[in-house]
Amino acid sequence: MEQTMETKFNPQAIEKEIYEAWESSGAFVAHRVEGKKPFTIVMPPPNITGQLHMGHAMDCTLQDAAIRYHRMKGDPTLWLPGTDHAAIATEVKIVDKMREEGLTKESLGREGFLKRAWAWKEQYGNRITLQQRRMGSSCDWSRERFTMDEGCSRAVREVFCSLYDKGLIYRGTRLVNWCPCCHTSISDAEVEYEEKDGNFWHLFYPVKETGEMLELATTRPETMLGDTAVAVNPEDERFKHLHGCHVILPLVTVKFRLCWMSMRI
């Protein structure tokens, strides 16, 4: 019987079966070897916000090449796979999907929303690992982890507590970015900055002792009601005669003492 050869390579026809044979044979499972130095790569876990893209493919290719090289050298080799919860980014995706269905987090409640979040993880987390398998990533899937796994969460808590107890990190009060939609703080990387035209306001504060007007400029005139003192450079000759004087807060009858401070530029 005459057989014809395909004119074009069709990876879908053979690569899936080949990879399944590799994985089922345990070819990617890492083992310790006495006297040999292991080679390990911890996969930067992709977010479960959707599907992998070309950037993930390139990243996985570079890691896979290094892993296969050391595996062929006979080194004990581990490529540890995993996925990241990316809580805020994932929440945005889930909320957008719920909006299409006419649902909100408030209508579902905490338990209902968490149930949908875990269902999203199962759908897209599994899709990501399937994509990685189709790319031929030779990970040790028996060690696959998710950043919300109990073991990972406990390890993070223990490390941070240990670093804090050793004085290597500290807790401090800092300004944060607040998302009015998610009602949570977000990182700088998740903020979209926009340039907008603003105004520069010049306010005149009456000086009680001299009767003159002290001019202050600000982009935030609404903070006037929180003013408690005026600070000036002690070396500035223009204001030395006002040290210890009082100014009257515009719009209200509150008085506060004119203070001075050294300013370093």
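Residues numbered from 1 in each chain as written. Predicted model: local features only at pLDDT ≥ 70, side-chain atom pairs only at ≥ 80, totals over all residues. Heavy atoms only, no water.

Draft legend 1. The arrangement of the overall build of the chain in detail. Within the chain, the secondary structure is distributed over five helices and 10 strands. Over its C-alpha trace the chain gives a radius of gyration of 31 Å, far above what one expects of a compact globule, namely 18 Å for 265 residues. Here the C-alpha coordinates of the chain stretch approximately 110 × 55 × 40 Å along the principal axes. Residue pairs in contact within the chain that sit at least 24 positions apart in sequence constitute 62% of those at least 6 positions apart. Per element, the accessible surface of the chain, about 19900 Å² overall, is 56% carbon and sulfur. (Helix = DSSP H or I, 4+ residues; strand = E, 2+ residues; numbered from the N terminus. Rg over C-alpha atoms; globule rule 2.2 N^0.38 Å. Contact = heavy atoms within 4.5 Å. Areas by Shrake-Rupley, 256 points an atom, 1.4 Å probe, with all protein chains shown as cover.)

Draft legend 2. Layout of the packing of helix H3 (residues 87–100) against helix H4 (residues 105–134). Running from N to C, H3 and H4 point in directions that differ by 115 degrees, and their axes come no closer than 11 Å. Of the two possible hands of crossing, H3 and H4 adopt the one that is right-handed. Across the interface between the two elements, Thr90, Glu91, Lys93, Ile94, Val95, Lys97 and Met98 of H3 pack against Lys105, Leu108, Phe113, Arg116, Ala117 and Trp120 of H4. Looking at side-chain class alone, the contact of H3 with H4 contains seven nonpolar, one polar and five charged residues. (Axes fitted to C-alpha atoms, helices over the stretch in contact; angles between N-to-C directions. Left-handed = near helix turned anticlockwise from the far one by under 90°. Nonpolar A, V, L, I, M, F, W, Y, C, P; charged D, E, K, R; others polar.)

Draft legend 3. Focus on helix H2 (residues 54–73). In a regular helix each residue adds 1.5 Å, so 20 residues correspond to 28 Å; H2 covers 29 Å between its end C-alpha atoms and thus fits that length. Close packing links the buried residues of H2 with strand S1 (39–42), strand S2 (77–80) and H4. One or two steps after H2, the chain reaches Gly74, where phi turns positive at roughly 95 degrees. (Expected span 1.5 Å × (residues − 1).)

Draft legend 4. Structural context of the packing of aromatic side chains. Enumeration over the complete set of coordinates arrives at five aromatic pairs. With a centroid separation of 5.5 Å and an interplanar angle of 45 degrees, the aromatic rings of Tyr19 and Phe28 are classed as tilted. Measuring from ring centre to ring centre gives 6.1 Å for Trp22 and Phe28, while their planes differ by 70 degrees; the resulting arrangement is edge-to-face. Here the aromatic cluster, defined as three or more aromatic residues joined through ring pairs, consists of Tyr19, Trp22 and Phe28. Geometry around Phe113 places Lys105 over its ring, the cationic atom sitting 5.8 Å from the centre. Here the guanidinium or amino end of Arg133 rests over the ring plane of Trp141, the centre of that ring lying 4.2 Å away. (Phe/Tyr/Trp six-rings, centres within 6.5 Å; stacked < 30°, edge-to-face > 60°. Lys NZ or Arg CZ within 6 Å of the ring centre and 35° of its normal.)

Draft legend 5. Summary view of the environment of Gly35. On the secondary structure map, Gly35 appears in the loop between helix H1 (11–24) and S1. Taking the relative accessible area as the measure of exposure, Gly35 reaches 77% and is therefore exposed. As for Gly35 and Val247, which are separated by 212 residues in sequence, their C-alpha atoms are 78 Å apart. (Buried < 20%, exposed > 50% of the residue type's maximum accessible area, 1.4 Å probe, protein only.)

Draft legend 6. Seen up close, the pattern of salt bridges. Under the counting rule described, the total for this entry stands at 15 salt bridges. We note a salt bridge from Glu23 to Arg133, for which the minimum N-O separation is 3.0 Å. Separated by 110 residues along the polypeptide, Glu23 in helix H1 and Arg133 in helix H4 bring together distant segments of the chain. We note a salt bridge from Arg143 to Asp140, for which the minimum N-O separation is 2.3 Å. Taking the relative accessible area as the measure of exposure, Arg143 reaches 34% and is therefore partly exposed. Through salt bridges with shared partners, a single ionic network connects Glu150, Arg154 and Arg157. (Salt bridge = Lys/Arg side-chain N within 4 Å of Asp/Glu carboxyl O.)

Draft legend 7. Up close: empty space enclosed by the protein. Counted under the stated rule, the structure contains one cavity of 30 Å³ or more. Each pocket or cavity is described by its volume, and for the largest cavity that value is around 40 Å³. In terms of lining, the largest cavity is formed by Met43, Pro44, Pro46, Leu52, His56, Asp59, Cys60, Gln63 and Gln132. Here the lining of the largest cavity takes four residues from H2, the largest share from any one element. For the lining of the largest cavity, a count of residues per class yields five nonpolar, three polar and one charged. (1 Å grid on protein atoms, 1.4 Å probe; cavity = no way out; pocket = protein on both sides within 12 Å on 5 of 7 lines; lining within 4 Å. Points joined across faces, edges and corners; volume = space filled by probe spheres on them.)

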